Amino acid sequence: MNKDNTAAVSPHALPPLPYPDNALAPVISANTLGFHYGKHHRGYVDNLNKLVAGTAFADLPLLKIMSETAGKADKATIFNNAAQIWNHTFYWNSLRAAGGGQPPARLKEKIEASFGTLDACREELAAAAMAQFGSGWAWLVLDGGTLKVVKTANAELPMTAGRKPLVTIDVWEHAYYLDYQNRRLDYVHAVLDKLINWDFAAENLG
Ligand code: MN
């Protein structure tokens, strides 16, 4: 089945990127964004649509598929593809051109209450991104009224543990290898300095 046919019969669509694929350059090149969005993110959508076709999951919304398959070994492939669709959409929104800098006041106060300083929060995010062995994600989350930094492996995400994600950094190699090769820390620092979307994180505080 070709991609066009798959898209035509599929319930899940690839969400549009919130900016052009060259918007994050030079921190993240159009080449990286093109592959990451056009091949990886699209691939998860195509895979999920094939996996759920004709099953009890076929008519369920994405979040429902994720909650019903989380932690079930025999549904891991469905969970992984569904969660990766959600994670990537969240990641695109966690970045913006001319990001970084200072968070909105309400978020900044929350960050300072939880970490002491914005720099301490950024350092924890970078440390989590580096400590994630292999593929995964670093997240700033709201957990019982407090902000925390957590990391997750592969497609795992904080909601499964009852935590509300505010912002994320993709640390799968496909997120940075074309631009930074093995230098994950350079990618993470560049994202935190120049792309991280604190406005989006503040909106997610609710
Ligand atoms: Mn990715």
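Residues numbered from 1 in each chain as written. Predicted model: local features only at pLDDT ≥ 70, side-chain atom pairs only at ≥ 80, totals over all residues. Heavy atoms only, no water.

Peer 1: Could you clarify how one ought to interpret the coordination of the manganese ion in this entry?
Peer 2: Ideal geometry at a metal centre: 109.5 degrees between donors when four sit tetrahedrally, and 90 or 180 degrees when six sit octahedrally. Listed as protein donors to the manganese ion are His36 (NE2), His88 (NE2), Asp170 (OD) and His174 (NE2); their distances from the metal cover 2.0 to 2.1 Å. The sequence motif formed by the donor residues of the manganese ion is H-x51-H-x81-D-x3-H. Of this pair, His36 sits in helix H2 (residues 30-52) while His88 is found in helix H4 (residues 76-94), placing the two residues 52 residues apart along the sequence. Take His36 and His88: they sit in the same class, and that class is buried. (Donors = N, O, S within 2.8 Å, 3.2 Å for Na, K, Ca; no water. Helix = DSSP H or I, 4+ residues; strand = E, 2+ residues; numbered from the N terminus. Buried < 20%, exposed > 50% of the residue type's maximum accessible area, 1.4 Å probe, protein only.)

Peer 1: Looking at this structure, how should I read H2?
Peer 2: Helical periodicity: at 3.6 residues per turn, an α-helix aligns residues three or four positions apart in one direction. Along its 23 residues, H2 runs 32 Å from first to last C-alpha, staying within 8% of the 33 Å computed at 1.5 Å per residue. In H2, a bend of some 25° at Gly43 exceeds every other bend along the element. Of all the positions in H2, only Thr32, Leu33, His36, Tyr37, Gly38, His41, Tyr44, Val45, Asp46, Leu48, Asn49 and Val52 are classed as buried. In the segment just after H2, Gly54 is the residue with positive phi, at about 75°. (Expected span 1.5 Å × (residues − 1). Bend = angle between axes of the 7 residues up to and from the residue.)

Peer 1: I would appreciate a short explanation of the environment of Thr77 in the present structure.
Peer 2: Locating Thr77 in the fold gives a position in helix H4. Residue classification places Thr77 among the partly exposed residues on the basis of a relative accessible area of 46%. Sequence separation between Thr77 and Leu51 is 26 residues; the distance between their C-alpha atoms is 8.2 Å.

Peer 1: Mind showing me how you'd approach the confidence of the model for the protein here?
Peer 2: Caution applies to low-pLDDT parts of the model: their predicted coordinates are not meant to be read in detail. For the protein, per-residue confidence averages 94 on the pLDDT scale, and residues scoring 70 or more make up 95% of the total. Across residues 1-9, confidence stays below pLDDT 50; counting only partners more than four residues off in sequence or on other chains, it has five contacts. (pLDDT = per-residue confidence, 0-100. Contact = heavy atoms within 4.5 Å.)

Peer 1: Teacher, can you tell me more about the pattern of salt bridges here?
Peer 2: Side-chain pairs of opposite charge can arise whenever the charged atoms involved come near each other. By the definition in use, this model includes nine salt bridges. We note a salt bridge from Glu112 to Lys108, for which the minimum N-O separation is 3.9 Å. You can see Glu112 and its partner Lys108 sitting in helix H5 (residues 105-115), four residues apart, about one turn around the helix. For Glu112, a relative accessible area of 36% puts it in the partly exposed group. Residue classification places Lys108 among the partly exposed residues on the basis of a relative accessible area of 26%. Between Asp143 and Lys148 there is a salt bridge, with the nearest N and O atoms lying 2.9 Å from each other. Taken together, the shared-partner salt bridges connect Asp119, Arg122 and Asp193 into one network. (Salt bridge = Lys/Arg side-chain N within 4 Å of Asp/Glu carboxyl O.)

Peer 1: What's the story with unusual backbone geometry in this structure? I'm lost.
Peer 2: Trans peptide bonds make up the majority, and among non-glycine residues the majority have a negative phi. For the bond from Ala25 to Pro26, the omega torsion is 5°, close enough to zero to count as cis. Positioned with a positive phi, Ala98 is a non-glycine residue whose angle comes to about 55°. Considering the arrangement of structural elements, one finds Ala98 in the loop between H4 and H5.

Peer 1: How should the sheet that holds strand S2 (residues 146-153) be read in this particular structure?
Peer 2: Pairing within the open sheet is antiparallel, and its three strands lie in the order S2-S1-S3. Unpaired on one side and paired on the other, S2 and strand S3 (164-170) mark the two borders of the sheet. Strand-to-strand twist of the sheet, defined as the mean angle between neighbouring strand axes without regard to direction, takes the value 25°. Relative to S3, strand S1 (residues 136-143) runs antiparallel, the two being bridged by six bridges. (Pairing = 2+ DSSP bridges. Axes fitted to C-alpha atoms, helices over the stretch in contact; angles between N-to-C directions.)

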